[in-house]
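# A look at the structure
For reference, the chains in residue letters:
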There are 2 protein chains.
Amino acid sequence: MIAAVKGRHPTPAQSKVAALRSRLRASGLRATPARLAVLSFLESASRPVSHADLVEALADSGIDRVTLYRNLTDLTQVGLVRRADLGDHVWRFESAQSKSGHAEHPHFTCVECGEIACLSEASVRIAQGKGIPRSATRALEIQIRGLCDRCS
Amino acid sequence: MIAAVKGRHPTPAQSKVAALRSRLRASGLRATPARLAVLSFLESASRPVSHADLVEALADSGIDRVTLYRNLTDLTQVGLVRRADLGDHVWRFESAQSKSGHAEHPHFTCVECGEIACLSEASVRIAQGKGIPRSATRALEIQIRGLCDRCS
DNA sequence: CGATTTATTGCAACCAAGTTGCATATACGG
DNA sequence: CCGTATATGCAACTTGGTTGCAATAAATCG
Ligand SMILES: [Mn+2]
Ligand SMILES: [Mn+2]
Ligand SMILES: [Zn+2]
Ligand SMILES: [Zn+2]
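Residues numbered from 1 in each chain as written. Chains lettered and ligands numbered in written order. Predicted model: local features only at pLDDT ≥ 70, side-chain atom pairs only at ≥ 80, totals over all residues. Heavy atoms only, no water.

Now for the coordination of the manganese ion (ligand 1). Residues and elements named next belong to chain A. Within the protein, the manganese ion (ligand 1) binds to E94 (OE), H105 (NE2), H107 (NE2) and C118 (SG); these donor distances fall in the range 2.0 to 2.3 Å. Here the donor residues of the manganese ion (ligand 1) share one chain and are spaced in sequence as E-x10-H-x1-H-x10-C. Taken individually, H105 and H107 each receive the classification buried, so the pair is uniform in this respect. (Donors = N, O, S within 2.8 Å, 3.2 Å for Na, K, Ca; no water. Buried < 20%, exposed > 50% of the residue type's maximum accessible area, 1.4 Å probe, protein only.)

Around DNA strand D there are 23 residues in total, and T32, R35, T67 and R70 of chain A together with A31 of chain B lie nearest to it. Here DNA strand D approaches the protein such that, of its atoms within 4 Å, sugar and phosphate make up 62%. At a separation of 2.6 Å, a base oxygen of DNA strand D approaches a polar side-chain atom of R70 of chain A. Every element with two or more residues in the surface near DNA strand D is listed here: α3 (33-44) and α5 (65-77) of chain A together with α5 (65-77) of chain B. Counting residues per element, the surface near DNA strand D draws most heavily on α5 of chain A, which supplies five residues. (Near = heavy atom within 4 Å. Polar contact = N/O pair within 3.5 Å; in protein donor to acceptor, adjacent residues only side chain to side chain. Helix = DSSP H or I, 4+ residues; strand = E, 2+ residues; numbered from the N terminus.)

All names here are of chain A. Along the polypeptide, V17 turns up in helix α2 (residues 12-26). Since its relative accessible area comes to 36%, V17 is described here as partly exposed. Each C-alpha atom, one on V17 and one on D53, is 21 Å from the other, the two residues being 36 residues apart in sequence.

To continue, consider the protein's contact with DNA strand C. Surveying the vicinity of DNA strand C reveals 23 residues, the closest of which are R25 of chain A together with T32, R35, T67 and R70 of chain B. The side chain of R25 of chain A places a nitrogen or oxygen atom 2.4 Å from a phosphate oxygen of DNA strand C. At 3.1 Å from a phosphate oxygen of DNA strand C is found a main-chain nitrogen or oxygen belonging to D64 of chain B. Where the surface near DNA strand C is concerned, the elements lending two or more residues are α5 of chain A together with α3 (33-44) and α5 of chain B. Top contributing element to the surface near DNA strand C by residue count: α5 of chain B, with five residues. In terms of residue class, the surface near DNA strand C is built from nine nonpolar, five polar and nine charged. (Nonpolar A, V, L, I, M, F, W, Y, C, P; charged D, E, K, R; others polar.)

Turning our attention to the coordination of the manganese ion (ligand 2). Listed as protein donors to the manganese ion (ligand 2) are E94 of chain B (OE), H105 of chain B (NE2), H107 of chain B (NE2) and C118 of chain B (SG); their distances from the metal cover 1.9 to 2.3 Å. Residue classification places C118 of chain B among the partly exposed residues on the basis of a relative accessible area of 28%.

Glancing now at the interface of chain A and chain B. Listed by partner, the interface residues are 33 residues for chain A and 33 residues for chain B. At the boundary of chain A and chain B, one finds two salt bridges. E141 of chain A is the partner of R145 of chain B in a salt bridge, and the nearest nitrogen-oxygen pair spans 3.5 Å. Taken together, the elements giving at least two residues each to the side of chain A that touches chain B come down to β6 (124-126) and β7 (141-146) of chain A. (Contact = heavy atoms within 4.5 Å. Salt bridge = Lys/Arg side-chain N within 4 Å of Asp/Glu carboxyl O.)

Next up on the list: the domain arrangement of chain A. All names here are of chain A. Domain assignment breaks chain A into domain 1 (11-97) and domain 2 (99-152). Put simply, the middle of domain 1 and the middle of domain 2, counted by C-alpha atoms, are 23 Å apart. Between domain 1 and domain 2, the contact holds 16 residues from the first and 14 residues from the second. Between domain 1 and domain 2, the buried area comes to about 1,200 Å², and carbon and sulfur atoms account for 46% of it. (Domains from an automatic or database assignment. Buried area = accessible area lost by both parts, 1.4 Å probe.)

Within the largest apolar cluster, 22 residues are counted, with the highest numbers of intra-cluster contacts made by F108 and I144 of chain A together with F108 and I144 of chain B. Only β4 (107-110), β6 and β7 of chain A together with β4 (107-110), β6 (124-126) and β7 (141-146) of chain B provide two or more residues apiece to this core. If sequence neighbours within four positions are ignored, I144 of chain A has contacts with H107, F108, T109, L119 and V124 of chain A together with I126, A136, A139, E141 and I142 of chain B. Core analysis: the second largest hydrophobic core is formed by 18 residues, V38, L39, L54 and L75 of chain B among them. (Core = buried A, V, L, I, M, F, W, Y, C linked by side-chain atoms within 4.5 Å.)

Pasting the structure below:
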């Protein structure tokens with residue numbers, strides 16, 4: 001273990017952190033503990049995460065809530081993270097890493113229980129036509145609200 | 001009605017107010033000046049209206065901002081109005097009158113200039129399939145963000 | 001018409017989410 | 001290691017929205 005720390009074979013955890021670190025650096029951001037924690041949490045989340053979620057998850061890390069806000073907006077600005085309001089007035093963030101199936105995709109929110117699901121890119125088709133901005137067919141964000149299977 | 005009692009024909013403006021009044025009453029709400037003003041403004045708007053829009057539009061009416069908040073939520077609760085967050089963290093309201101083409105419909109927001117457009121009901125198709133809640137095809141609200149024709 | 005009942009309003013206080021200013025700390029290139 | 005630009009913590013502030021309560025005014029009924 002100590003040998004590994006000293007630079008022999010990196011553990012999986014170490015190389016994951018190193019990867020995050022270099023993605024941050026490549027985006028022009030410094031790799032601070034707070035940013036590593038935020039990005040790594042977002043990376044492991046299976047659905048978009050709110051600032052409140054993050055505050056709770058990193059409660060005992062001693063990171064200030066303002067730092068979390070700033071980290072989230074910084075990460076969003078450089079494109080490492082995407083921000084969306086899924087229709088319930090709460091900003092949610094998700095990793096924008098295009099590998100690991102995290103390309104831009106539509107989201108579904110249950111108006112009853114609040115459950116959020118990531119849909120596949122292909123699941124929504126927008127028709128061309130009068131009154132529809134041509135560019136809507138190249139929509140950046142699509143979000144759907146309704147009743148989930150459990151609630152309907 | 002009063003005009004009839006007085007033996008005159010109601011002006012268009014009078015009958016419009018009378019209609020609003022009776023729609024409010026039919027929904028179990030009292031027809032107050034504030035509600036008539038709000039509903040009538042929403043009715044004449046061509047796109048969803050925020051609380052701030054309303055405060056501005058009715059600035060000199062002397063109606064308190066809290067009353068406007070309460071009116072909007074009351075009207076939404078009884079179904080005369082629909083509320084949506086079009087992805088920018090602002091609640092917007094539109095008349096739910098199903099005649100005059102105001103059925104539930106998708107909305108498009110330009111991420112650049114903020115312009116909002118109401119799309120036709122048929123313009124968005126949601127595919128059936130794995131990972132897609134069956135009920136998503138009966139979505140209640142659909143909202144699309146992207147660049148409008150002018151901004152793209 | 002009043003008088004009575006009850007929903008609605010105004011106002012002030014409050015709250016939560018998010019932002020900003022600034023002094024201090026720290027990442028990182030040299 | 002140092003110097004410097006970037007990032008953080010903390011407090012103050014802003015914005016959008018809610019709540020409690022006393023005063024007001026719709027509706028209902030005789
Ligand atoms: Mn997603
Ligand atoms: Mn509309
Ligand atoms: Zn549900
Ligand atoms: Zn635009």
